[in-house]
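Working through the structure, step by step
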Amino acid sequence: MEDKTQGHQPKNIVESTKSWARQAWAHLESVRQASPLIQCITNFVSMDLVANVLLSAGASPAMISCVEEKKHTQGADSTHESTDAVAAAKSLAQTSGSIVAVSGAVDIVTDGQRVVGAQNGVAMLQKITATGCSVTALIAAFVAIDPSRPFEATATALSVFGLAGEIGMSKANGPASLRANLIDALHGLDRTTVLQHANVSNI
Ligand SMILES: Nc1ncnc2c1ncn2[C@@H]1O[C@H](COP(=O)(O)OP(=O)(O)OP(=O)(O)O)[C@@H](O)[C@H]1O
Ligand SMILES: Cc1ncsc1CCO
């Protein structure tokens, strides 16, 4: 894990990253205090990890399986970097009036004007099924406790999830142990670690 309080970045960038880290901790604390109910329409592959990620972050999962999904399945893993998608993500955010997030080595978040990157995470997260579904549910939990600021909540959720992945990876031997250690790390994340290592910055 990189320590963002160190290094040789310009002062305004360091301050911005610190501010994002403070928001990340505030959001995680609020989720733990309020334990928002997150209703998830999902499938049997992703149900278990999604529910456990929500629980370990302090939220309350309610799972419903989606029997209709087999008619509509379209998901595909991309070979592109998520940063390649910035223009398309901004355009989609503008036309839909939504926050758009693109996961990858750097998670891109945009409201159509602002664009930030959540740099946390490890590549091994791709080797565990449903990490994308799980971080999406975590985003819902973060938005639930800060509904007037969905852009900020989305970026901090992605950062917190990625940071838990980094901590989990430091104790893991491969995907299976990363899965367990990711859940443990989310459960155990403390203020000092989030303030030092949450890494969101402007793109
Ligand atoms: N190369 C990488 N480096 C760091 N973190 C990564 C990398 N690839 C993915 N991640 C992280 O893994 C998580 C899941 O992202 P990913 O793009 O793999 O989702 P997905 O393909 O939709 O997952 P799934 O379909 O299994 O639910 C995100 O938090 C993302 O930041
Ligand atoms: C592998 C798989 N199939 C349907 S959902 C899922 C989890 C990753 O999205």
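Shown above is the structure to which this text applies.
The structure displayed is predicted, hence computed values, not measured ones. (Residues numbered from 1 in each chain as written. Chains lettered and ligands numbered in written order. Predicted model: local features only at pLDDT ≥ 70, side-chain atom pairs only at ≥ 80, totals over all residues. Heavy atoms only, no water.)

1. Some remarks on the site of ligand 1
In the vicinity of ligand 1, 16 residues are found, and the nearest of them are S103, D107, Q126, A130 and G132. Take Q126: an N or O atom from its side chain is 2.7 Å from a nitrogen atom of ligand 1. For ligand 1, whose unbound accessible area comes to 630 Å², protein coverage reaches 79%. For the shell around ligand 1, the element with the most residues is helix α4 (residues 131-145), which contributes three residues. Of the residues in the shell around ligand 1, the class split is seven nonpolar, seven polar and two charged. (Near = heavy atom within 4 Å. Polar contact = N/O pair within 3.5 Å; in protein donor to acceptor, adjacent residues only side chain to side chain. Areas by Shrake-Rupley, 256 points an atom, 1.4 Å probe, with all protein chains shown as cover. Helix = DSSP H or I, 4+ residues; strand = E, 2+ residues; numbered from the N terminus. Nonpolar A, V, L, I, M, F, W, Y, C, P; charged D, E, K, R; others polar.)

2. Regarding the site of ligand 2
In the vicinity of ligand 2, the residues found are N43, V45, T129, A130 and C133. Considering ligand 2 on its own, with 280 Å² of exposed area, one finds that the protein chains cover 50% of that surface. Across the shell around ligand 2, the residue classes tally to three nonpolar, two polar and no charged.

3. Comments concerning the packing of α4 against helix α5 (residues 150-169)
For any two helices packed against each other, the geometry is given by the interaxial angle and the distance between the axes. Relative orientation of the contacting elements α4 and α5 amounts to 135 degrees, with a least axis distance of 8 Å. Here α4 lies oblique to α5, going by the angle between them. As for the relative orientation of α4 and α5, their crossing is right-handed in sense. Seen from α4, the contacting residues are T131, S134, V135, L138, I139, F142 and V143; seen from α5, they are P150, A153, T154, T156, A157, L158, V160 and F161. Tallied by class, residues from the contact of α4 with α5 come to 11 nonpolar, four polar and no charged. (Axes fitted to C-alpha atoms, helices over the stretch in contact; angles between N-to-C directions. Parallel < 35°, antiparallel > 145°, perpendicular 65-115°, else oblique. Left-handed = near helix turned anticlockwise from the far one by under 90°. Contact = heavy atoms within 4.5 Å.)

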